[in-house]
Structure formats: structure tokens, C-alpha cells
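Per-entry structural report
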Amino acid sequence: MIIGAFLILTWLVLLRYPAKALPISLAAVCGLGLVALFVAWQETREASQLARLDLRLAYAPEQCPADRALQVQMKNGNKAPLTELRWRVAAYAPGDTVNLAESTYNAPRYRGPGDLQPGAEWKDCLPLPPLRAGYRPQTLEFRAEHLQGTFAN
């Protein structure tokens, strides 16, 4: 907000004293450009790291307790340790694109392990998300969506 006010003030001065304000305005625009490039680089780096995670979800009542029947298996395919991971679970009928998992306020929040080293695997059983009426979990495919994570540098 301060930078925006500074730029507006600079451009107002630019109209009155163009020879004095032009270098300041150019420096501010270059600074904002560098910040934008850095943010874009960070986002693409994070997206590529999240893409190298192998995260599989399956309904497995035989291997998991009844109240936690969603089995998650994750492998870190990155060169950096995973420090935090959050995601939402979506449920789809085979061949369909409609998410059948209800996203209510009291739906479970899914988090990964606190620290997963490169090449390491993690398995756990998690609670199922609430499903729309009339659907059984054994007939659905579960997917992790909206992954948000951080990696150690």
C-alpha cells in the first residue's frame, strides 16, 4: 500500500517536474517488476515440487479402521524435504467430473506428515470426506486436490 501511494505521488510529481520524477518512477517500476518475477518464479517452483509428489488415495476398509477408511500413500520425489502439506479430498464416480464430496465447514482437514525426506514414503489412514446422499465410498475414486505445501530449501 505504501508503494502504491508512493507511485501515485511520484506520477503526480512527474506531471509537474518530469525531469526529476522520471528516474524515481522508472526505479519503482523496475523494483515492482523484480518483485513480480520473484513471486512468479516461487510459484512455478512450488508447483513443480508439488507435481513430483506421488499421492494416492484409496478406500481401504480392510487395512484401515472403520472411522478412518481412506488410505493415503505418499512418496516424496523431490530433492528437498517436504515440511508441510495440506489438501482437499474429492470423490468422483468413474468417468464422471462432478465432485461428490461435500465441502462443509465440519469436513475433515487433511494434512501430510510433518517432515518427509526425499525419496521417503508415508502411509496413513484418514477419515472419509462427507459424501452426497446416495453414494457409497466403495464405488468412488478419491483424489487429492488443491495441494498446498512447503519444502525445505
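Further up the page is the structure itself.
Below or above, wherever it landed, is the structure these notes cover. (Residues numbered from 1 in each chain as written. Predicted model: local features only at pLDDT ≥ 70, side-chain atom pairs only at ≥ 80, totals over all residues. Heavy atoms only, no water.)

Secondary structure summary: the protein chain contains two helices and six strands in total. Element order for the protein chain, N to C, with α for helix and β for strand: α-α-β-β-β-β-β-β. What you see for the protein chain is a C-alpha radius of gyration of 23 Å, clearly larger than the 15 Å of a compact globule of 153 residues, by over 25%. Oriented by its inertia axes, the alpha-carbon framework of the protein chain measures out at about 75 × 35 × 30 Å. Residues counted as buried form 30% of the 153 residues belonging to the protein chain. Within the protein chain, contacts between residues separated by at least 24 positions form 68% of all contacts whose residues are at least 6 apart in sequence. Of the roughly 10300 Å² of accessible surface on the protein chain, 59% is carried by carbon and sulfur atoms. (Helix = DSSP H or I, 4+ residues; strand = E, 2+ residues; numbered from the N terminus. Rg over C-alpha atoms; globule rule 2.2 N^0.38 Å. Buried < 20%, exposed > 50% of the residue type's maximum accessible area, 1.4 Å probe, protein only. Contact = heavy atoms within 4.5 Å. Areas by Shrake-Rupley, 256 points an atom, 1.4 Å probe, with all protein chains shown as cover.)

Below, the discussion takes up the pattern of salt bridges. Under the definition given, this model contains five salt bridges. For Arg68, the salt bridge goes to Asp124, with nearest N and O atoms at 3.6 Å. Here the residue Arg68 occupies a position in the loop between strand S1 (53-59) and strand S2 (70-76), and Asp124 occupies one in strand S5 (residues 121-126), the gap between them amounting to 56 residues. Across the pair Arg111 and Glu84 runs a salt bridge, and its minimum N-O distance is 3.4 Å. Taken together, the residues span a long stretch of sequence, with Arg111 in strand S4 (residues 110-111) and Glu84 in strand S3 (residues 82-92) at a distance of 27 residues. Its relative accessible area of 29% is what places Glu84 among the partly exposed residues. (Salt bridge = Lys/Arg side-chain N within 4 Å of Asp/Glu carboxyl O.)

This part covers the nonpolar core. Most often, soluble globular proteins have nonpolar side chains that are buried together. Counting residues in each nonpolar core, the largest one holds 24 residues, and the members touching the most others are Met74, Trp87 and Phe142. Of all the secondary structure elements, the ones that give two or more residues to this core are S1, S2, S3, S5 and strand S6 (141-151). (Core = buried A, V, L, I, M, F, W, Y, C linked by side-chain atoms within 4.5 Å.)

Checked against the element boundaries, Asn76 lands in strand S2. A polar atom in the side chain of Asn76 sits 3.1 Å from the backbone oxygen of Ala80. (Polar contact = N/O pair within 3.5 Å; in protein donor to acceptor, adjacent residues only side chain to side chain.)

Attention now moves to the packing of aromatic side chains. In total, this model carries two aromatic pairs according to the counting rule given. Taking the centre distance of 6.0 Å and the plane angle of 40 degrees together, the rings of Phe38 and Trp41 count as tilted. Pair noted here: Phe38 and Trp41 are both in helix H2 (residues 18-51), with a separation of three residues, about one helical turn. Residue class for Phe38 comes out partly exposed when judged on its relative accessible area of 49%. A relative accessible area of 46% places Trp41 in the partly exposed class. With a centroid separation of 6.2 Å and an interplanar angle of 15 degrees, the aromatic rings of Trp87 and Tyr110 are classed as stacked. (Phe/Tyr/Trp six-rings, centres within 6.5 Å; stacked < 30°, edge-to-face > 60°.)

Spatial strand order, S1-S2-S5: three strands in an open sheet with antiparallel pairing. Each edge of the open sheet carries a strand with a single partner, namely S1 and S5. Taken over all neighbouring pairs, the strand axes of this sheet differ in orientation by 15 degrees on average, direction set aside. Bridge analysis of S2 against S5 gives six bridges, and the strand direction is antiparallel. Across the sheet, the residue bridging to Leu70 is Leu126, located in S5. (Pairing = 2+ DSSP bridges. Axes fitted to C-alpha atoms, helices over the stretch in contact; angles between N-to-C directions.)

Any functional reading would require information beyond the geometric quantities listed.
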